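# Geometric and topological summary
Chain by chain, the residues run as shown.
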Amino acid sequence: MVGVSFFGTSRTVCRCDNRVRGKVVILTGATSGIGYYTALDLAKKGSLLYLACRSDEKGRETVKDLRTLTGNKEIHYLHLDLSRLSSIANFVTAFEDREKRLDVLINNAGIFHHPSYLTEDGIEVTYQTNFLGAYMLTSKLKNILKNTPSSRAVFVSSESHRLVSTEDVKNFDCIKVVELKEFDDYVKHYAISKLAVHMYADHLSKEVPGVSVILVNPGNVWTNIYQNCWVTWRYLTTRIRCALYMRHPVEGAQSTIHAVNFPGGTRCYITDELKKEDLEEYDAAGLLIEKSDLLLNSRSNSMS
């Protein structure tokens, strides 16, 4: 699985056989970065692909671009904004009106180093986008995944989840704005949302054992996720060095591509070197799910 060259450096690449041809796939955050190159690979391999994106304009442009590049006409766009719970509900309804099966759900969308504010649902934006929105989306699609043989739920994660503890997740107040001053504050904030994803993945893999639940680490990849980092002239050299030495999104997409193509079903964490590790188990996962359901139910009641 090793051998392709990007910018003159030998990198890790998934060389699995194509196991997505004709499969129905949802991919969030597909208009740029890791998501775009994941979408390109899926389109080339002949999947029936739904791009779930926040921007209507970029979503439709990406569909057109991928159809032209790959000749695959089974690429579609559906609006999804993870920072709006009503958008998630509408997306699921629209998808289930079109399809009766879902072979692969890829939760790729996420934000980092983002100003903290409360969404229209009264939830902190990074936490909602990175965890709670993905949790709600996956939960609402759980039955269709469960009823599709050999289905997979994939979550794009980060090694940053190891920087915090389940106590940090437990104590995080997601209905308050977070004070973020230093870069390390943003890293911890992001890490909490990613550890919450890991805790949910552990819970989901036990709740629906027929669905393969896979977490992936893309590595440190230079994408638009860093658009709010190092923006002043003072940090120009930092941005240049990151652009030169961080992974290219093509390489960053490899762990996700591997997750949807490797043989056999499992519950695992795929590293940036495409090595499989067992999913960690979290005693506090049940409490997180309980709290998340209570929060989502309260917001649902207020919308109805």
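Residues numbered from 1 in each chain as written. Predicted model: local features only at pLDDT ≥ 70, side-chain atom pairs only at ≥ 80, totals over all residues. Heavy atoms only, no water.

### Considerations on the overall build of the chain
Looking only at helices and strands, the chain has eleven helices and ten strands in total. In the chain, which comprises 304 residues, the share counted as buried stands at 54%. Contacts in the chain between residues at least 24 apart in sequence constitute 75% of all its contacts with a sequence separation of at least 6. Carbon and sulfur atoms make up 48% of the accessible area of the chain, which totals about 14300 Å². (Helix = DSSP H or I, 4+ residues; strand = E, 2+ residues; numbered from the N terminus. Buried < 20%, exposed > 50% of the residue type's maximum accessible area, 1.4 Å probe, protein only. Contact = heavy atoms within 4.5 Å. Areas by Shrake-Rupley, 256 points an atom, 1.4 Å probe, with all protein chains shown as cover.)

### Overview of the packing of aromatic side chains
What characterises a pair of aromatic rings is the spacing of the ring centres plus the angle enclosed by the ring planes. Within the structure shown, the criterion is met by nine aromatic pairs. Where Tyr36 meets Tyr37, the ring centres are 5.2 Å apart and the plane angle is 85 degrees; that geometry is what we call edge-to-face. With a relative accessible area of 28%, Tyr37 lands in the partly exposed category. An aromatic cluster is defined as three or more aromatic residues linked by ring pairs; in this entry it consists of Tyr127, Phe131, Tyr135, Phe155, Phe172 and Tyr200. When the ring centre of Phe262 is taken as origin, the NZ or CZ atom of Arg152, which lies over that ring, is 4.7 Å away. (Phe/Tyr/Trp six-rings, centres within 6.5 Å; stacked < 30°, edge-to-face > 60°. Lys NZ or Arg CZ within 6 Å of the ring centre and 35° of its normal.)

### Some remarks on the side chain of Lys45
Along the chain, Lys45 turns up in the loop between α1 (33–44) and β4 (48–53). Setting aside anything within four residues of it in sequence, one finds Lys45 in contact with Asn18, Val20, Arg21, Ile257 and Asn261.

### Examining the packing of α1 against helix α10 (residues 254–261)
Across the interface, α1 lies against α10 with an axial gap of 9 Å and an inter-helix angle of 35 degrees. As α1 packs across α10, the resulting crossing turns out to be right-handed. Contacts between α1 and α10 involve Tyr37, Thr38, Asp41 and Leu42 from the first element and Thr256, Ile257, Val260 and Asn261 from the second. Across the contact of α1 with α10, the residue classes tally to four nonpolar, three polar and one charged. (Axes fitted to C-alpha atoms, helices over the stretch in contact; angles between N-to-C directions. Left-handed = near helix turned anticlockwise from the far one by under 90°. Nonpolar A, V, L, I, M, F, W, Y, C, P; charged D, E, K, R; others polar.)

### Observations concerning the nonpolar core
Ile26, Phe91, Phe95, Leu102, Phe131, Leu141 and Phe155 are the most contacted members of the largest nonpolar core, which has 52 residues in total. Residues contacting Phe91, with those up to four places away along its chain left out, are Ile26, Ala52, Leu78, His79, Leu80 and Leu137. Residues Leu27, Val216, Cys268 and Leu274 belong to the second largest nonpolar core, which totals 33 residues. (Core = buried A, V, L, I, M, F, W, Y, C linked by side-chain atoms within 4.5 Å.)

### Observations regarding helix α7 (residues 183–207)
Helix length check: α7, at 25 residues, gives a terminal C-alpha distance of 36 Å against a target of 36 Å (1.5 Å per residue), a fit within 8%. For α7, the tally of buried residues reaches 18 of 25 residues, placing the bulk of the element in the interior. (Expected span 1.5 Å × (residues − 1).)

### A few points about the confidence of the model for the chain
Put simply, the chain has an average pLDDT of 89, and 87% of its residues get 70 or more. The low-confidence segment residues 1–10, where pLDDT is below 50, has 24 contacts with residues more than four positions distant or belonging to other chains. (pLDDT = per-residue confidence, 0-100.)

### A closer look at α1
Counted at 1.5 Å a residue, the expected span for α1 with its twelve residues is 16 Å, and the 17 Å between its end C-alpha atoms agrees. α1 sits mainly inside the fold: ten of its twelve residues count as buried. Among the residues making up α1, those that are buried are Gly33, Ile34, Gly35, Tyr36, Thr38, Ala39, Leu40, Asp41, Leu42 and Ala43.

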